[in-house]
Amino acid sequence: MQGNSILISTMEITHLPHTKINRQKWDACILNACNSLVYAESWYLDIVSPNWEALVSGDYEYVMPLPVKKKYGIAFLVQPPLTQQLGIFSSQHIDENIIEHFIQKIPYRSYHLCLNEQNPYHKGTKQPNFILDLNKDYNTLFSVYSTNTKRNIKKAHSYDMKIKTDVSANDFLEFYHTTEKNYSEPKEKVNKLVNDVVERGKATIYGAYNADYKIIAALCLLHSRQRLIYWMPVSNQEGKVTLAMFRMIDEIIQNNANSNSLFDCYGSIIPTIARFYDNFGAQLNFYYEVKRWSINDFIKRFCFWK
């Protein structure tokens, strides 16, 4: 414990602007980190937060991405889209004192960020995530599905539906943009991100097709070392009626059973969605949200413009 205190007291944390980040050392740190996540790889950050900066300790032993954004000339930090968790990454132990040290070094007055599951920071606000360990045979995994989930999967199999695991990025994006109406990010950024994760071998796109060979539901299964992340799911009305997403998730679990993978359901504070994940046997995990003088909240509360 004393040794850890000495480490923290002598830890030097440097704030690096975007152009000063050593990308080779950064990615080596992220890929070798005990809590590695694809969201923190430099190419991913370049897309979701083009001018991201960083806090770095030592020779990239500990790193923390700073997703910088500007609004009305004011710079602040905000969690990027399609990026559930960031925070501090390292191949070494990360405890709450180290996390506090990094947060105190954030060089912006306003921030609203989500740390990762291996950043235990109890001053933050708990956010739910659901994880299913796939290190069991499929029959064992299926046995803990809820009765209702088993019934829905059986019903989904009664429809004339085919599941494909090699859907192209173009087909997925065309379906996504014509079906999903609630996203606020520029179409070009979404397209760039999906194309890049596929080209880099970081995603498998699942699609459910009806008897006329038209997509009715799809999702990207994002690969992040041992994690398989349920990312960008989308269903049209036919896909919802035929319970296509139940069928696809069951197929993902079946295809990856008896592996060392974790199925990361991406989490949700919406009770019905949380129950959907729980009914597949996924276990509740938490990550922490940290916020200080959120400029987005300030603008929403006191200004009439967006």
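Everything quoted here is computed from the prediction, not taken from an experiment.

The rules behind the values
Residues numbered from 1 in each chain as written. Predicted model: local features only at pLDDT ≥ 70, side-chain atom pairs only at ≥ 80, totals over all residues. Heavy atoms only, no water. Helix = DSSP H or I, 4+ residues; strand = E, 2+ residues; numbered from the N terminus. Rg over C-alpha atoms; globule rule 2.2 N^0.38 Å. Buried < 20%, exposed > 50% of the residue type's maximum accessible area, 1.4 Å probe, protein only. Contact = heavy atoms within 4.5 Å. Areas by Shrake-Rupley, 256 points an atom, 1.4 Å probe, with all protein chains shown as cover. Lys, Arg positive; Asp, Glu negative; His and termini not counted. Charge placed at Lys NZ, Arg CZ, Asp CG, Glu CD. Salt bridge = Lys/Arg side-chain N within 4 Å of Asp/Glu carboxyl O. Expected span 1.5 Å × (residues − 1). Axes fitted to C-alpha atoms, helices over the stretch in contact; angles between N-to-C directions. Parallel < 35°, antiparallel > 145°, perpendicular 65-115°, else oblique. Left-handed = near helix turned anticlockwise from the far one by under 90°. Nonpolar A, V, L, I, M, F, W, Y, C, P; charged D, E, K, R; others polar. Disulfide = S-S within 2.5 Å. pLDDT = per-residue confidence, 0-100. Pairing = 2+ DSSP bridges. Phe/Tyr/Trp six-rings, centres within 6.5 Å; stacked < 30°, edge-to-face > 60°. Lys NZ or Arg CZ within 6 Å of the ring centre and 35° of its normal.

So, about the overall build of the chain. Scanning the chain for helices and strands turns up twelve helices and 14 strands. Taking 306 residues into account, the globule formula puts the C-alpha radius of gyration at 19 Å, and the chain, at 21 Å, falls close to it. Looking at the chain as a whole, 54% of its 306 residues are labelled buried. Of all intrachain contacts in the chain linking residues separated by at least 6 positions in sequence, the fraction that spans at least 24 positions is 74%. For the chain, the accessible area works out to roughly 15,200 Å², and carbon and sulfur atoms hold 50% of it. Between the mean site of the 34 positive side-chain charges and the mean site of the 30 negative ones, the chain shows a separation of 6 Å.

On to the pattern of salt bridges, then. Counting across every chain of the model gives eight salt bridges. We note a salt bridge from Lys25 to Asp59, for which the minimum N-O separation is 2.8 Å. Placement of the pair is Lys25 in helix α2 (residues 23–32) and Asp59 in the loop between β2 (53–57) and β3 (62–66), with a sequence separation of 34 residues. Given the relative accessible area of 36%, Lys25 is considered partly exposed. Its relative accessible area of 45% is what places Asp59 among the partly exposed residues. Two residues, Arg227 and Glu117, come together in a salt bridge whose shortest N-O distance is 2.8 Å. Here the residue Arg227 occupies a position in strand β12 (residues 227–235), and Glu117 occupies one in the loop between β7 (111–114) and β8 (125–133), the gap between them amounting to 110 residues.

Spanning 13 residues, helix α10 (residues 244–256) covers 19 Å between terminal C-alpha atoms, matching the ideal 18 Å at 1.5 Å per step. Of all the 13 residues making up α10, ten are buried; the element is thus mostly covered by neighbouring parts of the structure. When we look at burial in α10, the residues that qualify are Ala244, Met245, Phe246, Arg247, Met248, Ile249, Asp250, Ile252, Ile253 and Asn256. Positive phi appears at Asn258, one or two residues downstream of α10, with a value of about 60°.

So, on to the packing of helix α7 (residues 169–179) against helix α8 (residues 187–199). One can describe the packing of α7 onto α8 by two numbers: an axis separation of 10 Å at closest approach and a directional angle of 150°. One way to sum up the angle between α7 and α8 is to call them roughly antiparallel. Note that α7 runs across α8; the crossing there is right-handed. For the pair formed by α7 and α8, the contact residues are Ala169, Asn170, Phe172, Leu173, Tyr176 and His177 on the first element and Lys187, Val190, Asn191, Val194, Asn195 and Val198 on the second. Residue composition of the contact of α7 with α8, by class: seven nonpolar, four polar and one charged.

Checked against the element boundaries, Glu289 lands in strand β14 (residues 283–292). This buried residue, Glu289, is left without a salt bridge; Lys291 holds the nearest opposite charge, at 5.2 Å. Beyond its immediate stretch of four places on either side in the chain, Glu289 contacts His112, Leu113, Cys114, Gly124, Thr125 and Gln127.

With that settled, consider the state of the cysteines. Under the criterion given, the structure shown has zero disulfides. Of all cysteine sulfurs, the one in Cys265 lies closest to Cys220, which takes part in no disulfide; the gap is 16 Å. Among the residues examined, Cys220 registers a relative accessible area of 0% and is labelled buried.

Before going further, it helps to examine the environment of Phe246. Relative to the elements of secondary structure, Phe246 occurs in helix α10. Look at Phe246 and you get buried, because its relative accessible area is 13%. Once the C-alpha coordinates of Phe246 and Arg200 are considered, the two residues, 46 residues apart in sequence, prove to be 27 Å apart. If near-sequence neighbours (up to four positions away) are discounted, Phe246 is found in contact with Thr149, Asn152, Ile153, Phe276 and Phe280.

Right, let's talk about the confidence of the model for the chain for a bit. Low-pLDDT portions of the prediction should not be read for the details of their coordinates. Per-residue pLDDT for the chain averages 90, and the proportion of residues at 70 or more is 92%. Counting contacts from residues 1–6, a segment whose pLDDT is below 50, to residues more than four positions away or on other chains yields two contacts.

Reading across the sheet, the ten strands line up as β4-β5-β7-β14-β8-β13-β12-β11-β10-β9 and stay open at both edges, with mixed pairing between neighbours. At either end of the open sheet lies a strand with only one pairing partner, and these are β4 (68–71) and β9 (162–164). Averaged over all adjacent pairs, the angle separating strand axes in this sheet is 25°, with direction ignored. Judged from the three bridges that link them, β12 and strand β13 (residues 262–264) form a sheet pairing that is parallel.

All chains considered together, the criterion is met by 15 aromatic pairs. Measuring from ring centre to ring centre gives 5.5 Å for Phe276 and Phe280, while their planes differ by 75°; the resulting arrangement is edge-to-face. Among the aromatic residues, those joined into a cluster by ring pairs are Phe130, Tyr138, Phe142, Tyr145, Tyr230, Phe246, Phe263, Phe276, Tyr277 and Phe280. Just above the ring of Phe286 sits the side chain of Lys126; from NZ or CZ to the centre is 4.5 Å.

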